[in-house]
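As a plain string of letters, each chain reads:
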Amino acid sequence: GCLSRRTIKQCGSNVCFLADTGVYMLQPGYELALRGNWEPLSSKIDPTVRRINATSIGGASAVYCNNRYYLAVPLDGSTRNNAILVYNFLIQEWESVDTFPAGFYADFLEVALLNNTLTVFLISSDGGLYAYEQNEMDDFGRADQAASQQLIDARLLTRRYKFGNNDVKYFHRGIVNYKLNANSGFRAKAYMYNSDSSKDLTSCTTVLPNNITRPYLIRRRGYAMELEFTNTANRGQIINLTVSGSIFGQKTMAQR
């Protein structure tokens with residue numbers, strides 16, 4: 001059953017809540033009876049869910065805003081909510097796991113109007129009130145101190161590319177289309193599986209706002225590969241990417 005009543009939220013026509021084995025979603029059935037799914041909504045991020053501190057899970061909090069379910073939880077032994085898990089109902093995927101600087105806690109979540117726009121607010125029991133997802137940089141400070149700006153650390157790990165089989169491949173290259181803001185950039189890295197190895201790829205940075213297509217030479221063997229992107233300054237977007245490789249004795253294949 002539900003472990004924190006503040007995580008029970010109506011999300012469109014569904015109801016979501018946090019249980020001891022993850023986040024579950026109830027859907028209306030015949031005669032408006034709510035039907036549950038045996039598989040938790042959070043199954044794809046189960047390793048993260050298992051990091052929730054079970055002794056402090058009763059303080060978890062959630063809101064539904066802009067087609068997203070925001071769930072504040074205590075991770076890695078924290079006794080207060082130090083991370084927010086975000087589920088996007090439009091793409092039907094967990095969008096991010098947001099963490100905060102040391103000493104910041106999102107004890108409560110609320111939705112209110114800010115400049116005529118529905119906005120998620122984080123409330124700390126220490127007396128802080130913060131508008132969420134507003135700026136290029138984090139404006140953070142304790143309630144009794146002036147705020148300072150900090151880089152919003154972001155990490156994107158792609159799906160595992162294996163071209164539909166477990167044969168050994170030779171991965172040739174990846175092509176990434178970036179949309180970068182001024183003075184922003186990304187660092188890229190490739191991870192190979194069996195044989196296990198990694199390769200640092202060329203960073204992509206820009207001084208002026210720019211759309212950049214960057215090819216990356218990979219030239220590594222493995223049965224599968226993942227690409228990791230970490231922002232190094234300000235904010236940018238990864239529009240799309242293509243990975244190409246070949247199975248020995250077969251033609252080159254590409255996956256987006």
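This text goes with the structure placed above it.
Residues numbered from 1 in each chain as written. Predicted model: local features only at pLDDT ≥ 70, side-chain atom pairs only at ≥ 80, totals over all residues. Heavy atoms only, no water.

## Quick look at the sheet that holds strand S11 (residues 129-131)
Pairing is antiparallel in the open sheet, where three strands are placed in the order S9-S10-S11. Both outer strands of the open sheet, strand S9 (108-114) and S11, are each paired with one neighbouring strand and no more. Across the sheet, the mean angle from the axis of one strand to that of its neighbour is 35 degrees, orientation sign disregarded. Where S9 lies against strand S10 (residues 117-123), seven bridges are found, and the strand directions are antiparallel. Directly across from Leu109, in S10, lies its bridge partner Leu122. (Pairing = 2+ DSSP bridges. Helix = DSSP H or I, 4+ residues; strand = E, 2+ residues; numbered from the N terminus. Axes fitted to C-alpha atoms, helices over the stretch in contact; angles between N-to-C directions.)

## Observations regarding the layout of surface pockets
A volume near 230 Å³ is recorded for the second largest pocket. In terms of lining residues, the second largest pocket is bounded by 13 residues, among which Glu39, Pro40, Leu41, Ser43 and Tyr87 are the most central. Of all the secondary structure elements, the ones that give two or more residues to the lining of the second largest pocket are strand S3 (22-28) and strand S8 (93-99). Residue composition of the lining of the second largest pocket, by class: six nonpolar, four polar and three charged. (1 Å grid on protein atoms, 1.4 Å probe; cavity = no way out; pocket = protein on both sides within 12 Å on 5 of 7 lines; lining within 4 Å. Points joined across faces, edges and corners; volume = space filled by probe spheres on them. Nonpolar A, V, L, I, M, F, W, Y, C, P; charged D, E, K, R; others polar.)

## A look at the packing of aromatic side chains
Scanning all chains against the criterion turns up eleven aromatic pairs. Seen from their ring centres, Phe17 and Tyr24 are 6.2 Å apart, and the 20 degrees between their planes marks the pair as stacked. Both residues of the pair, Phe17 and Tyr24, count as buried. Aromatic side chains Tyr178 and Phe229 sit 6.3 Å apart centroid to centroid with 80 degrees between the ring planes, which places their arrangement in the edge-to-face category. On the criterion of sequence distance, the pair formed by Tyr178 in strand S15 (residues 169-180) and Phe229 in strand S20 (residues 224-233) is long-range, its members being 51 residues apart. Phe229 shares its class with Tyr178; the two are buried. Every member of this aromatic cluster is reached through a ring pair, and the members are Tyr70, Phe100, Phe104, Tyr130 and Tyr132. Taking the ring centre of Tyr193 as reference, the NZ or CZ of Arg160 above it sits at 3.8 Å. (Phe/Tyr/Trp six-rings, centres within 6.5 Å; stacked < 30°, edge-to-face > 60°. Buried < 20%, exposed > 50% of the residue type's maximum accessible area, 1.4 Å probe, protein only. Lys NZ or Arg CZ within 6 Å of the ring centre and 35° of its normal.)

## With respect to the sheet that holds strand S7 (residues 83-88)
The strand order across the open sheet built from four strands is S5-S6-S7-S8, with neighbouring strands paired in antiparallel fashion. Both outer strands of the open sheet, strand S5 (61-65) and S8, are each paired with one neighbouring strand and no more. If you compare each strand with its neighbour and ignore which way they point, the axes differ by 20 degrees on average. Pairing geometry for S5 and strand S6 (residues 68-73), over five bridges, is antiparallel. Counterpart to Val63 in the pairing with S6 is Tyr70.

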